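Chains, contacts and geometry: an overview
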Amino acid sequence: MAPGVRLVAGGAEVAVFSKDGERVSVCLFDARGETELSRHFLNRHEDGWHSGFVAGLGVGSRYGLRVSGTWDPAQGLMFDESKLLIDPYATAFDRSFEYHDQLSIFGIDTARWVPKCIVQEELPIAPRPLYRKPQFIYELQVKSFTKLHPDVPEAKRGTVAALADPAVIKHLKSLDVDTLELMPIHAWIDERHLTRLGLHNAWGYNSVSLLAPDLRLAPGGLPEIRDAIAVLHQHDFRVVLDIVFNHSGESDELGPTVCYRGLDNRSYYAMTNGVLHNDAGCGNVLALDNPMVVELVLASMRHWVLKAGVDGFRFDLATIMGRTASGFSKTTPLLEAIQNDPLLSKVILIAEPWDVGPGGYQLGNFPADWHEWNDKYRDDVRRFWRGDSFSANGLATRLTGSSDVFAGRMPSASINFLAAHDGFTLRDLVYFRERNNFANGEDNRDGNSSEVTWPGGNVEALLACLFLSRGTPMLTAGDEFGRSQGGNNNGYAQDNDTTWLNWASRDKTLETFVRSLVDLRLHLSPYFTDEFLSPDETFWFDVDGTALNWNEPFQRFVGLAISQKNKRLVIAINGKSVSQILRLPTKQTTNWQRIFSSASGEDCPPQSVSVFVEG
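Note that the coordinates shown come from a computational prediction; the quantities given were computed from them, not determined experimentally.

Conventions adopted
Residues numbered from 1 in each chain as written. Predicted model: local features only at pLDDT ≥ 70, side-chain atom pairs only at ≥ 80, totals over all residues. Heavy atoms only, no water. 1 Å grid on protein atoms, 1.4 Å probe; cavity = no way out; pocket = protein on both sides within 12 Å on 5 of 7 lines; lining within 4 Å. Points joined across faces, edges and corners; volume = space filled by probe spheres on them. Helix = DSSP H or I, 4+ residues; strand = E, 2+ residues; numbered from the N terminus. Nonpolar A, V, L, I, M, F, W, Y, C, P; charged D, E, K, R; others polar. Buried < 20%, exposed > 50% of the residue type's maximum accessible area, 1.4 Å probe, protein only. Pairing = 2+ DSSP bridges. Phe/Tyr/Trp six-rings, centres within 6.5 Å; stacked < 30°, edge-to-face > 60°. Lys NZ or Arg CZ within 6 Å of the ring centre and 35° of its normal. Salt bridge = Lys/Arg side-chain N within 4 Å of Asp/Glu carboxyl O. Axes fitted to C-alpha atoms, helices over the stretch in contact; angles between N-to-C directions. Left-handed = near helix turned anticlockwise from the far one by under 90°. Contact = heavy atoms within 4.5 Å. Polar contact = N/O pair within 3.5 Å; in protein donor to acceptor, adjacent residues only side chain to side chain.

**Thoughts on the layout of surface pockets**
Looking at the largest pocket, its volume works out to about 1200 Å³. As for the largest pocket, its lining consists of 44 residues, and the residues nearest its centre are W203, A280, C282, D422 and N490. Looking at the lining of the largest pocket, the elements that each hand over two or more residues are α3 (192-197) and α8 (375-386). Partitioning the lining of the largest pocket into residue classes produces 16 nonpolar, 14 polar and 14 charged. Approximately 810 Å³ is the volume attributed to the second largest pocket. Contributing to the lining of the second largest pocket are 33 residues, with V5, Y89, T91, E122 and H303 lying nearest its centre.

**As for the pairing of strand β25 (residues 567-574)**
Burial within β25 is extensive, with 6 of its 8 residues counted as buried. A loop of 2 residues connects strand β24 (residues 557-564) with β25, the two strands running antiparallel in sequence, and K565 in this loop sits at a positive phi of about 50 degrees. Bridge analysis of β25 against strand β27 (residues 608-614) gives 6 bridges, and the strand direction is antiparallel. The residue of β27 that forms the bridge with N574 is S608.

**Looking at the packing of aromatic side chains**
On inspection of all chains with the given rule, the structure shows 25 aromatic pairs. When the centroid spacing of 5.0 Å and the interplanar angle of 45 degrees are considered together, the rings of W373 and F417 count as tilted. In this pair, W373 is assigned in strand β20 (residues 371-374) and F417 in the loop between β21 (414-416) and α11 (426-429), connecting sequence segments 44 residues apart. A single burial state applies to W373 and to F417, both of which are buried. Every member of this aromatic cluster is reached through a ring pair, and the members are F245, F313, F315, F328, F366 and W370. Positioned above the aromatic ring of F384 is the side chain of R556, whose terminal nitrogen or guanidinium carbon lies 4.5 Å from the ring centre.

**Side note on the pattern of salt bridges**
One pass over the full model with this rule turns up 39 salt bridges. Ionic pairing is found between D242 and R314, a salt bridge with its closest N-O pair at 3.1 Å. Taken together, the residues span a long stretch of sequence, with D242 in strand β13 (residues 238-243) and R314 in strand β16 (residues 312-315) at a distance of 72 residues. The exposure class of D242 is buried, given its relative accessible area of 0%. Note on R314: relative accessible area 0%, which makes it buried. A salt bridge links D279 to R323, with the shortest nitrogen-to-oxygen separation between them at 3.6 Å. Of this pair, D279 sits in the loop between β15 (275-276) and α6 (291-308) while R323 sits in strand β17 (residues 323-324), and the two are 44 residues apart along the sequence.

**Let's talk about the packing of α6 against helix α7 (residues 333-340)**
In the contact formed by α6 and α7, the axes pass within 10 Å of each other and the chain directions differ by 35 degrees. In this structure, α6 meets α7 at a crossing whose hand is right-handed. Contacts between α6 and α7 involve V294, V297, L298 and M301 from the former and L334, A337 and I338 from the latter. Of the residues contributing to the contact of α6 with α7, the split by class is 7 nonpolar, no polar and no charged.

**Some points on empty space enclosed by the protein**
If you roll a probe as big as a water molecule over the atoms, it shows you where there is empty space left. In total, this model carries 4 cavities of 30 Å³ or more according to the counting rule given. In this structure, the largest cavity spans a volume of roughly 140 Å³. The wall of the largest cavity is formed by 15 residues, among which Q141, S144, M183, R483 and T499 lie closest to the centre. Sorting the residues of the lining of the largest cavity by element identifies β11 (137-140) and α1 (142-146) as the ones contributing at least two each. Reported here for the second largest cavity is a volume of approximately 60 Å³. Along the walls of the second largest cavity sit P3, A15, V16, F17, W49, D87, P88, Y89, Y268, M292 and L296, which together make up its complete lining. Only β2 (11-17) and α6 provide two or more residues apiece to the lining of the second largest cavity. It is β2 that provides the largest number of residues to the lining of the second largest cavity, a total of 3 residues. In terms of residue class, the lining of the second largest cavity is built from 10 nonpolar, no polar and 1 charged.

**What about the environment of E480?**
Within the element layout of this structure, E480 appears in the loop between β22 (472-476) and α13 (508-523). A relative accessible area of 0% means that E480 is categorised as buried. Spatially, the C-alpha atom of E480 lies 8.2 Å from that of D507, the residues being 27 residues apart in sequence. When neighbours within four sequence positions are excluded, E480 is seen to be in contact with Y138, H171, L175, L475, D507, L510, E511 and V514. Engagement of the side chain of E480 in a polar contact is seen with the side chain of Y138, the distance being 2.5 Å.

**Some details on the environment of E191**
Take E191: it is sitting in the loop between β12 (179-182) and α3. Sequence separation of E191 and L306 is 115 residues, and the distance between their C-alpha atoms is 31 Å. Polar side-chain contacts of E191 include one of 3.1 Å to the side chain of N201.

**A closer look at the sheet that holds β25**
Read across the open sheet, the 5 strands follow the order β23-β24-β25-β27-β26; overall the sheet is antiparallel. Single-partner strands in this sheet number two, and they are β23 (538-541) and β26 (592-597). Strand-to-strand twist across the sheet, computed as the mean angle between neighbouring axes with direction ignored, equals 20 degrees. Taken together, the 8 bridges between β24 and β25 define a ladder with antiparallel strand orientation. Paired with F557 across the strands is N574, a residue of β25. The strands touched by α8 are β24, β25 and β27; relative to β25, the strand with the most contacts, the crossing angle is about 60 degrees. Across the face of the sheet, helix α9 (residues 391-399) comes into contact with β23, β24 and β25 while running at roughly 30 degrees to β24.

Following this line, the structure appears as structure tokens:
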């Protein structure tokens, strides 16, 4: 049985899953999207599906769902026929979602507040370029990226369409970015506490639909996204969509009822004895062990690949996708289904390999051909520059591809990053010691309270490490020109100037420096092959050219000499705040030429990274 709406002569066949629901009706609305015209009751089947023919339901029609059944929250049953619900397979809505308290109150009709699903004409399959591993990922939030861009036409600013604007393409090409990672663009709703604070979700990680785009980001709907991606493909970019399969915007049992909770709470959400699981820290998680939910997730992925043309996905809190009653497994029904799918197994797959539940940290444990966000890279590089004890050991491991995590795979599996959308910006982590999240309305309690920072440091040294490390580098939009959030390390609630990139005041000197690093990495590509270095290819040395003493707790210099395929390279990292006289290892060669330094000065400048090649 095909779920959702399938157009046929004179109307449409509709199928909705609700195992515990007693009766499902399809509600049609007039052009104003407010007045309900009629209800069409579907036939209930023993397998939990409800289906039937709905006359007059065609392209452009607005509709919603209602489900009747038992109201017994203690048992996880939360049916309320007064709640208008969206179709989880809908691909378009007539407006974006707004939180209202009435969405959470039993017995109050919510048709006036819930967006109506719109039946869409089937789009042909979107052409896509051949699969390619990411070489340099650029993470961006669609609205904040172009909302203040002076060279983008005002009508397009803050939308997906702006990503295809010549001014944006020019900037991306100047950085030699090859893969864009778009933060969520599917329809979401604000968390209820933000509404009371007069704030709005700026990131989109509170989705209520897995197939429909959010009209705030894509007012032109799926065609707008499809057209923008087509232009990006023409310029040889790949596009990865950050998607939330772990929880929904319906939140805990006090949250709004707009979809899954009203359709069948116990089927769509993971729970024990009527209590929702909270491994995402958002009040609920989807029941990803339920075959019906698994199929919904797969349908979402296929939809974005086939109809929008995306090249892959980054999975938010991906550990939840592999949770079982006994712990994490990379062979859960969902992960196995993705691996075995002839389409989805051949796109870019990136895991955020943790959640907040028991045993939730699973870095390195996802399928071999996946990539994973490597927070150990972020923290170990930061710790070295901050001067933590024995941090040289961690830096060395991260610099060479994190073989302690990805042994048996390839360094490219590691997505190396120093800052991302959550946490301090790259500029802020060298300026602020403590978070400054008071604007979020939670008395500065939200966000990471123990984030590794380096006050008084410099972003040039951090960036040099990023682009001189094996693995796949990722940069968050704006960090190349010194974006700041004023010390807010949890900007999810700041849909304003705090997170909108200030293009007018960008640090163009830093931007040029980043471009030089990208060029340097490309120039040195023979040294950054996608394989781990063997011991006979490396020599770790101290500032005087002798072998590095790994037992020195506060080792502030790390030198790496690489001999590979008759090519020799030295990376010299000086963590001290003073310059040092550097002696390069003579057993490799006596003819070294410095081709890069992150700071000016002779020999080994303070807090710097230098690169030497033979010749």
